[in-house]
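# Analysis of the macromolecular model
Residue strings, one per chain:
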Amino acid sequence: MIIYYDFYFAKFVCQKDDLYPYFLVIRLNGGSTLEKLNARMVKITNHETYKRWLKTAWPYVTGAVLLSLFQIVTLATTGSPWGVSGAFANWGAWIYEAFGGSVDKWYYFSSEGAQATLNNGVLNNPDSWRNIGIIAGSLISVLLASQFKIKKIKSFRQVIAAVVGGLLMGYGARIAYGCNIGALFGGIASLSLSGWVFAIFMFAGAVIGSKLLVKFFM
Amino acid sequence: MKEVMLDCFGEACPIPLVKAEKKLKELDIGDILIVQIDHSCAMKNVPEWAMKEGHNVEVEEVNDGEWEVIIEKVK
């Protein structure tokens, strides 16, 4: 029997022109003593465990199950369902207040709950922490898979589309009191009809958006 | 038999897929289309579409976050 012991990050060796991390794999033959250890270097990027867990994208079903589990954890620990875009509105308010503005009279922030959230600050806001976690987690996963790349902006049209699209999505999400997470995912998970209504119109919007995309971006 | 490069660097989904579909239609049987992408979801949907259509497909990671989807048109 051959047992493989993987010492993650045990050893980093740099080749002449590339800096791929190597790690040490020590092969133990059954019942062998330390002298019989047969050590060899295996490129980490060729290792099965690395490929399966860090390199290749996980199946959609795995993602769906994990998202469902963690949104239950979110609801159980914070008392409110998972939301993403609501925190961005608060970030906007905090930035505005940092420059001396006040949102107290704004209808959106006028409720007691909204005021309490703003007064507690970003450090006591679970949604903000989670959003930072999403960004940091994405960065870590893409770095571990060595797929990080700063993409070039191809045309001015892309800039316009990104800005207009972002504004429309942000505005729409606040007017609808939720985005595809808070309103759709959270709504459906809470057995609320509003989640399904949101889904129908989001689908219609996606169809129209796709047609526009093909028309203006091809 | 010719080889055609399709530069989709910097394009987000689903643009690489739509461009690849369009380009492959113009090609003859036996031609090879190489779609250059840097959007990881295109790495999934472009090969999936081409395989479903029955073409020969290979994905090569050419650089950090850059892939070439090599499609041989077979029908």
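Residues numbered from 1 in each chain as written. Chains lettered and ligands numbered in written order. Predicted model: local features only at pLDDT ≥ 70, side-chain atom pairs only at ≥ 80, totals over all residues.

### Looking at the pairing of strand β4 (residues 66–72) of chain B
Residue and element names in this part refer to chain B. What counts here: Residues with at least 20 other C-beta atoms within 10 Å of their own are called buried, those with 12 or fewer are called exposed, and the rest are partly exposed. The C-beta atoms themselves are positioned from the backbone. A run of H or I in DSSP becomes a helix once it reaches four residues, and a run of E becomes a strand once it reaches two; helices and strands are each numbered from the N terminus. Any two strands are treated as partners once DSSP identifies two or more bridges connecting them.
Residues W67, V69 and I71 line the buried face of β4, whereas the alternating positions E66, E68, I70 and E72 sit on a face that is not buried. Judged from the 6 bridges that link them, strand β2 (residues 32–37) and β4 form a sheet pairing that is antiparallel. When the bridges of β4 are listed, V35 appears paired with V69. Bridge analysis of strand β3 (residues 56–63) against β4 gives 7 bridges, and the strand direction is antiparallel. Bridging across to β4, V59 finds its partner in V69.

### Quick notes on the nonpolar core
Here is the rule: Joining buried Ala, Val, Leu, Ile, Met, Phe, Trp, Tyr and Cys residues through C-beta atoms within 7 Å gives a set, and that set is a nonpolar core. Whether two residues are in contact is decided by their C-beta atoms, placed from the backbone, lying within 7 Å.
Grouped together as the largest cluster of nonpolar side chains are 14 residues, with contacts concentrated most on B:V35, B:I37, B:A42, B:V46 and B:V69. Elements supplying a minimum of two residues to this core: α1 (15–26), β2, α2 (40–52) and β4 of chain B. It is α2(B) that contributes the most residues to this core, 4 residues altogether. Not counting residues up to four positions away in its chain, the partners in contact with B:I37 are B:C8, B:P16, B:A42, B:M43, B:V46, B:W67 and B:V69. Grouped together as the second largest cluster of nonpolar side chains are 7 residues, A:W82, A:A173, A:L184 and A:F198 included.

### With respect to the interface of chain B and chain A
Taken together, the contact pairs 12 residues of chain B with 12 residues of chain A. Among the elements of the structure, α1 and α2 of chain B are those that each provide at least two residues to the side of chain B that touches chain A. When residues of the side of chain B that touches chain A are assigned to their parent elements, the largest contribution, 3 residues, is made by α1(B).

### Describing the packing of α1(B) against α2(B)
Residue and element names in this part refer to chain B. Note the following rule: Axes here mean lines fitted to C-alpha atoms, for a helix over just the part in contact, with angles spanning 0 to 180 degrees between N-to-C directions. Note that the term roughly parallel is reserved for angles under 35 degrees, roughly antiparallel for angles over 145, roughly perpendicular for angles of 65 to 115, and oblique for everything else. In this scheme the crossing of two helices becomes right-handed for a clockwise turn of the near helix relative to the far one and left-handed for an anticlockwise turn of less than a right angle.
Closest axis-to-axis distance for the α1/α2 pair is 9 Å, and the angle between their directions is 30 degrees. Classified by the angle their axes make, α1 and α2 are roughly parallel. Where α1 crosses over α2, the two elements pack in a sense that is right-handed. When α1 is examined against α2, the residues P16, L17 and A20 are found in contact with a partner set consisting of A42, N45, V46 and W49.

### Brief notes about unusual backbone geometry
Trans is the common state for peptide bonds, and a negative phi is the common state for residues other than glycine. For the bond from B:C13 to B:P14, the omega torsion is 0 degrees, close enough to zero to count as cis. With respect to the helices and strands, the residue B:P14 is situated in the loop between β1 (3–7) and α1. A positive phi angle, close to 55 degrees, is found at A:Y177, a residue other than glycine. Within the fold, A:Y177 resides in the loop between α6 (156–175) and α7 (180–189). Its 13 C-beta neighbours within 10 Å are what place A:Y177 among the partly exposed residues.

### As for the confidence of the model for chain A
Note that predicted coordinates carrying low pLDDT should not be read in detail. All names here are of chain A. Note the following rule: A residue's pLDDT is simply how confident the predictor is in it, with values from 0 to 100.
The predicted model of chain A averages 83 in pLDDT, with 81% of residues at 70 or higher. Taken element by element, chain A is modelled with least confidence in strand β1 (residues 2–7), mean pLDDT 40, and with most confidence in helix α5 (residues 126–144), mean pLDDT 96. Below a pLDDT of 50 lies the segment residues 1–33, which in the model reaches 43 contacts outside its immediate sequence neighbourhood of four places, other chains included. The model gives residues 35–41 a pLDDT under 50, and that stretch makes 11 contacts with residues more than four places away or in other chains.

### Side note on the sheet that holds β2(B)
Residue and element names in this part refer to chain B. In space, the 4 strands of this open sheet follow the order β1-β2-β4-β3, with mixed pairing throughout. With one partner strand each, in any of the chains shown, β1 and β3 form the two edges of the open sheet. Along the sheet, successive strands turn relative to each other by an average axial angle of 20 degrees, direction set aside. Across the face of the sheet, α1 comes into contact with β1, β2 and β4 while running at roughly 165 degrees to β2. Against the sheet, α2 touches β2, β3 and β4, its axis set at about 160 degrees to β3.

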